Amino acid sequence: MSVVNVFTKEYTLMYSTIVFGSVCLINFLLMFTKMNKNILYLCFTLEAFALLCFYFITGIPEGFSALWVCLIPSFALLFFGGKKGSLFCLGELIVMIVLFWTPWGQSLFHYQYTKSFLLRFPFLYVAIYLLSLFVEFIRDQTQRQLIQSEEKYHYLYRHDALTGLYNRYGFNETIEKAFENNKIDKISVIIMDIDNFKSINDKYGHLAGDEVLKSIASVPTSVMCEHCNFCRWGGEEFMVLMQCDHDPLVMAEKIRKKVEDNPIIYDKQTINVTISLGVAIVTDMKNISINDIIIKADDCLYKSKMNGKNRVTSVTI
Ligand code: GH3
Ligand code: MG
Ligand code: MG
């Protein structure tokens, strides 16, 4: 059985300080580089292999003992992450000082390792490296799933499930953004409401009603420009926010006509649908809030309903 000899106390202290100290310092610096964790694990593993080679070539036992100094940051990184892991490296440095520079620490040293025992360590390192890759993989997967469900939640919070359009919350955010940007000098709001929708539900059923809603929801998008925003404002009410040079009255009339001219076919039945619209056109943005504009558009919609439905009523503010 080959046994590594014990060095003299002076040599042990010198080698220990140089080998352990430099390994501790390298690990500490590596932890601070904010490198990808997997690369860090790889660095620690390569460092360990370098130490083993150093030991086998020189026979200096610190080459082997310092392997533990590489193991600790790998574990620290695995369990505590980069920031806390680097504190562990600092802890290592302190332990090293206590072990090598205090009589108590020095009295603990006694090297007696067999080669077959030492040869197990490369495998141990590969195992740690693979384990760390596995843990990181699981961590990444969990994080990705978390991000995905968060994105889904945000989408559902802002969008209407039936039509895929913005709902009131999503739309309000768009409006707030538009109003934050003080450069706006004109804005128009079109509110539209399906005529006699309750009767459509009663006559053709709720599923047919849903199809009508989806179909109506696709109409404004086909005539709007990129500067218009559109949402499902409520049950069977929709709203368009225009911030462009297009004439809102022309736009509203186009939408009304398109709905009137395109009956919806559901379950081999033809459903004739019409809508009423209210348009508020704002030419002076001073001293007016979005709520005032919506109230004015709503008043116009009410007038369209009162005057026989399937029509556009507008007001210029
Ligand atoms: P008006 O011409 O005055 O607007 O009459 P209306 O029947 O369209 O209006 P009313 O407010 O009386 O009815 C709206 C109906 O819209 C009542 C409600 O059941 C229906 N509704 C609201 N949301 C949905 C939905 O998501 N799907 C279906 N199928 N119906 C809906
Ligand atoms: Mg209605
Ligand atoms: Mg309504």
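All values derive from a computational prediction rather than experimental measurement. (Residues numbered from 1 in each chain as written. Chains lettered and ligands numbered in written order. Predicted model: local features only at pLDDT ≥ 70, side-chain atom pairs only at ≥ 80, totals over all residues. Heavy atoms only, no water.)

> Before we go on, may I ask you to explain the coordination of the magnesium ion (ligand 3) in this structure?
Octahedral metal centres with six donors ideally show angles of 90 or 180 degrees, and tetrahedral centres with four donors ideally show 109.5 degrees. Around the magnesium ion (ligand 3), the protein contributes the donor atoms Asp193 (OD) and Glu236 (OE), which lie 2.1 to 2.3 Å from the metal centre. The metal-metal distance between the magnesium ion (ligand 3) and the magnesium ion (ligand 2) comes to 3.8 Å, with Asp193 coordinating both. Residue Asp193 is found in strand 1 (residues 187–194), and its partner Glu236 is found in the loop between strand 2 (228–232) and strand 3 (237–242); the two are separated by 43 residues along the sequence. The two residues Asp193 and Glu236 agree in class, both being buried. (Donors = N, O, S within 2.8 Å, 3.2 Å for Na, K, Ca; no water. Helix = DSSP H or I, 4+ residues; strand = E, 2+ residues; numbered from the N terminus. Buried < 20%, exposed > 50% of the residue type's maximum accessible area, 1.4 Å probe, protein only.)

> It is not clear to me how the coordination of the magnesium ion (ligand 2) should be interpreted in this structure. Could you clarify?
Around the magnesium ion (ligand 2), the protein contributes the donor atoms Asp193 (OD), Ile194 (O) and Glu236 (OE), which lie 1.9 to 2.2 Å from the metal centre. If you list the donors of the magnesium ion (ligand 2) from N- to C-terminus, the spacing comes out as D-I-x41-E. Overall, Asp193 belongs to the buried group, its relative accessible area being 7%.

> Teacher, can you tell me more about the side chain of Ser276 here?
In this structure, Ser276 sits in strand 6 (residues 275–282). Overall, Ser276 belongs to the buried group, its relative accessible area being 0%. Within the structure, the side chain of Ser276 is placed 3.2 Å from the backbone nitrogen of Asn310, a separation counted as a polar contact. The contacts of Ser276, once residues within four sequence positions are left out, are Ile191, Met192, Asp193, Asp195, Leu301, Ser304, Lys305, Lys309, Asn310 and Arg311. (Polar contact = N/O pair within 3.5 Å; in protein donor to acceptor, adjacent residues only side chain to side chain. Contact = heavy atoms within 4.5 Å.)

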